[in-house]
Amino acid sequence: MVYSRTQQLVLCALVLVASAAGVAAQFGEAVLKPGNDGSTSCDAWLRQDGIYKTCDCIPGMTYNSTGTSSSNWCVPCSTPYYCSGGGAANPLATPSSCPDGLVTISAGAKSETQCYTAGGFGRSTTLLSNGTAVVVSVLCPVGTYNSGGNTAGCQQCGPGLTTTAAGSTSISHDGFTTAGTGSNSSAQCDRVMPGYFIVNATYAAPCPLGSYQGSEGTVYSCNSCPFGYITRDDGAGGNAECLAPPGWELKEGAAVITECEPGFYKEGWNKNPCLTCGIGLTTLKNGSVSVDQCRIKPGWGIKTFVPLEAEMCNNSRYGDPEPRPVVASARCVPCTINLFTLDVLTGNATTTGYISEQDCITKPGWGLEISGIVAMCQEGLFNEGFNRQPCRECDAGFTSVETGSDSPTACVVRSGWSVDAKSGLPKPCDAGTFGTGGTAENVGGSCTACPTGFSTQKDESVAAEECSVCAAGYGGVNCTACGHNTYSTGGQAEGTECMPCAVGSVSARKAIDSAHCLAAMVDADNDYFPLSDDSHWTDDGSKNSVACSESCRTNTLCAMYRFTNGQGSPKCQLLLEVDSGSRIIAFKADRGADYALYKVSETLTVGVQVSDAGSVTPKACMAACTSSGACELVSMAAANLPDTAGPCVLYGSQLEPEWTGMYHIQGSRLYTDSLISA
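Before going into details, it helps to say that this report is about the structure given with it. A quick note: this is a predicted structure, and the numbers were derived from the prediction, not measured.

1. Focus on helix 3 (residues 545–553)
Residues that lie three or four places apart on an α-helix share one face, since the helix turns once every 3.6 residues. When helix 3 is considered as a whole, its buried residues turn out to be Cys-548, Ser-549, Ser-551 and Cys-552. The arc enclosing the buried residues of helix 3, seen along the axis, measures out at 160°, which places them on a common side. For helix 3, the secondary structure elements touched by its buried residues are strand 48 (521–523), strand 49 (537–540), strand 50 (558–564), strand 51 (571–576) and strand 57 (660–664). A side-chain oxygen of the first residue of helix 3 lies 3.2 Å from the backbone nitrogen of Val-546; this N-cap is Asn-544.

Listed below in structure tokens is the structure:
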């Protein structure tokens, strides 16, 4: 049977043997397979339909009904179409149209992705989740353009430029128009529309804000709006578009528009005057554009809404320190009970209104407590008023004697205090004294000492009954003075005995703490104190230094000792006090806190001289030794005690390999003890 060319292209059934190689066809390539009629030629696309093998046009080609052979049965797809190739659903490979606004620009286009923009259209591509690309176009809106033949979107005109209509194909369309329809050349774009002016041959700009141009023609400038009016947008096409913006007005007789003053507003673009907010109302700044910007003045509160009106906050009421919105809650607030505004307390009206709760103040003699309660000042307190303070105590040491006091002059010295005669300032009565407080006749009061040996347990005692404990340095029945080698810190109940010093330490009478207990035996800084006459040493039978020291410590006449163990023959010698001696030697105790006094012969020198302090009192003589690191004892005439000036010499110890020595401190011989009365 003989087939026509059409039948040969559409059917072209090929019977393939089972061992035939797989299909290797690619777009644009010829596929060669043996046909059922023995032919081996298929210059199109081999299709597999399950029964027959059919030759189809490949993508980019469409069926040519006038073809004379397999070499020209398929021809390239022509513009503006694309051909996706033949198949069972489209055996003739019919060309497909691009989406609106898109065209192909060369023959042989294979798919929609080869559709490019037409002039005045822009293109975009969206990739679906299944991988399919969807191409769409959009007519370029006013202000954009696309010359076509590309895959770009619409391009934005340059600054100050626009197009005369949608679908512009060239940037030269900006702002220009032609004298009529049917223009076929850009050279005919020599006129501007209302709202534009010509800048150069290819560029027209919109009239800037505050100007307008109302005609279509060859215009090179715009007209300025009168009175400072401005336009809402560029490109105004007439004087009617010259307006006062929101918050501005043209006052009668004015040359230019101005902002609405505080308390006024104007809505919208128009030529209306500004409107008042109402009595007691203001705005936060000039140029308010809405009644919603009206605020209640500081120190005012809303009175009525129709008409909108506020009232001044006075007569023990207050408003807000800042302008506030017009709401029902924005009223004047009454002060707390027993608090008043200044106009009420003074009788002088306010001209501005009160702005805060802080303007609610107390009257004299009353106070505002931390709890918020307002109450009259009680005894011991006062307040001048006209403030928000609590009643305050009189100055330290003072109190008031009446309620409702409104001045510090109502204060007298309080119980347990007195006014110092020298400074004129109040001070608390020290422990051991008490004060009953001041009176109108004796504002300063006085402090009274407790009986000897007794004290109070604290400062600021107010009655004699508080003198109920022993004073420091006193103890036992009737709080008598502590004896030698004991102490009392005070504050103990009557009958409590004084505490003994630690073993090996001593104290003067009336010692007030353990720090006044001093070591009984003190080492010489070097080895021992030499005597100018060794005959004043008294031999003791002690065989070692410890026994020698103890022998001196237990002897009330022993001032010091020296001990040697030379060549295995121990010797202990004591220097004993001479009751008839006219010279005093005083040993430094506790680095000079006190001195132990002994009488010796007038001619005896003890120690190595450090310096001569000259003629000074015993107290000054001992002070000179205290300040000298080398001095360990002083020598002075017994007649100078207790406080007469006379010669004073400072002495120290010396190094001696054979001898060691210590001096003896006894409570009954301490200088401070000699000054204590019984």
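On we go from here.
2. A word on unusual backbone geometry
In this structure, Pro-80 follows Thr-79 across a cis peptide bond, with omega equal to 5°. A cis amide bond, omega 5°, links Leu-641 with the succeeding residue Pro-642. Following the sequence through the fold, Pro-642 ends up in the loop between strand 55 (633–637) and strand 56 (646–652). In this structure, Asn-478 takes a positive phi of about 60° despite not being glycine. If you trace the backbone, Asn-478 turns up in the loop between strand 42 (474–475) and strand 43 (480–481). Its identity as a non-glycine residue notwithstanding, Asn-485 has a phi of 70°, on the positive side. Here Asn-485 is to be found in the loop between strand 43 and strand 44 (486–487). Looking at Asn-485, the relative accessible area reads 31%, which means it is partly exposed.

3. As for the environment of Asn-223
Turning to its location among the elements, Asn-223 is positioned in strand 18 (residues 223–224). A C-alpha to C-alpha distance of 5.2 Å links Asn-223 and Tyr-212, two positions 11 residues apart in sequence. Among residues more than four places away in sequence, those in contact with Asn-223 are Gly-210, Ser-211 and Tyr-212.

4. A few points about the state of the cysteines
Defined simply, a disulfide is a covalent bond joining two cysteines at their sulfur atoms. In total, this model carries 21 disulfides according to the counting rule given. What pairs with Cys-225 in a disulfide is Cys-242, and their sulfur atoms sit 2.0 Å apart. Across the S-S bond of Cys-225 and Cys-242 the torsion is about -70°, and the bridge reads as left-handed. Taken together, the residues Cys-225 in the loop between strand 18 and strand 19 (248–249) and Cys-242 in the loop between strand 18 and strand 19 connect sequence positions 17 residues apart.

5. A few points about the sheet that holds strand 51
On the basis of which strands lie adjacent, the open sheet formed by 5 strands has the order 48-57-50-51-49 and antiparallel pairing. Because the sheet does not close on itself, it has two edges, and the strands there are strand 48 and strand 49. For this sheet, the mean inter-axis angle between neighbouring strands, taken without regard to orientation, is 30°. Two strands pair when backbone bridges link them, and strand 50 and strand 51 are joined in this way by 6 bridges, in the antiparallel orientation. The residue bridging Tyr-561 from the neighbouring strand is Leu-574, located in strand 51. Across the sheet, helix 3 is in contact with strand 48, strand 49, strand 50, strand 51 and strand 57; its angle to strand 50 comes to roughly 170°.

6. Focus on the pattern of salt bridges
For the coordinates displayed, the defined rule picks out 13 salt bridges. Among the salt bridges present, the one from Lys-458 reaches Glu-466, with a minimum N-O distance of 3.6 Å. On the basis of relative accessible area, Glu-466 is assigned to the partly exposed category, the value being 22%.

7. Focus on the sheet that holds strand 56
Spatial ordering of the open sheet is given by 53-52-55-56-54, a layout of 5 strands whose pairing is antiparallel. Either end of the sheet is taken by a strand with one partner, and the two such strands are strand 53 (594–600) and strand 54 (608–616). The mean inter-strand angle of the sheet, taken between neighbouring strand axes irrespective of direction, is 25°. Examined bridge by bridge, strand 55 and strand 56 share 4 bridges and lie antiparallel to one another. For Val-634, the partnering residue across the bridge sits in strand 56 and is Leu-650. Relative to strand 55, helix 4 (residues 618–626) is tilted by about 160°, and along the sheet it contacts strand 52 (583–589), strand 53, strand 54, strand 55 and strand 56.

Cut-off values and rules
Residues numbered from 1 in each chain as written. Predicted model: local features only at pLDDT ≥ 70, side-chain atom pairs only at ≥ 80, totals over all residues. Heavy atoms only, no water. Buried < 20%, exposed > 50% of the residue type's maximum accessible area, 1.4 Å probe, protein only. Helix = DSSP H or I, 4+ residues; strand = E, 2+ residues; numbered from the N terminus. Arc of directions from axis to C-beta. Contact = heavy atoms within 4.5 Å. Polar contact = N/O pair within 3.5 Å; in protein donor to acceptor, adjacent residues only side chain to side chain. Disulfide = S-S within 2.5 Å. Pairing = 2+ DSSP bridges. Axes fitted to C-alpha atoms, helices over the stretch in contact; angles between N-to-C directions. Salt bridge = Lys/Arg side-chain N within 4 Å of Asp/Glu carboxyl O.

Worth remembering: the numbers are spatial, not functional.
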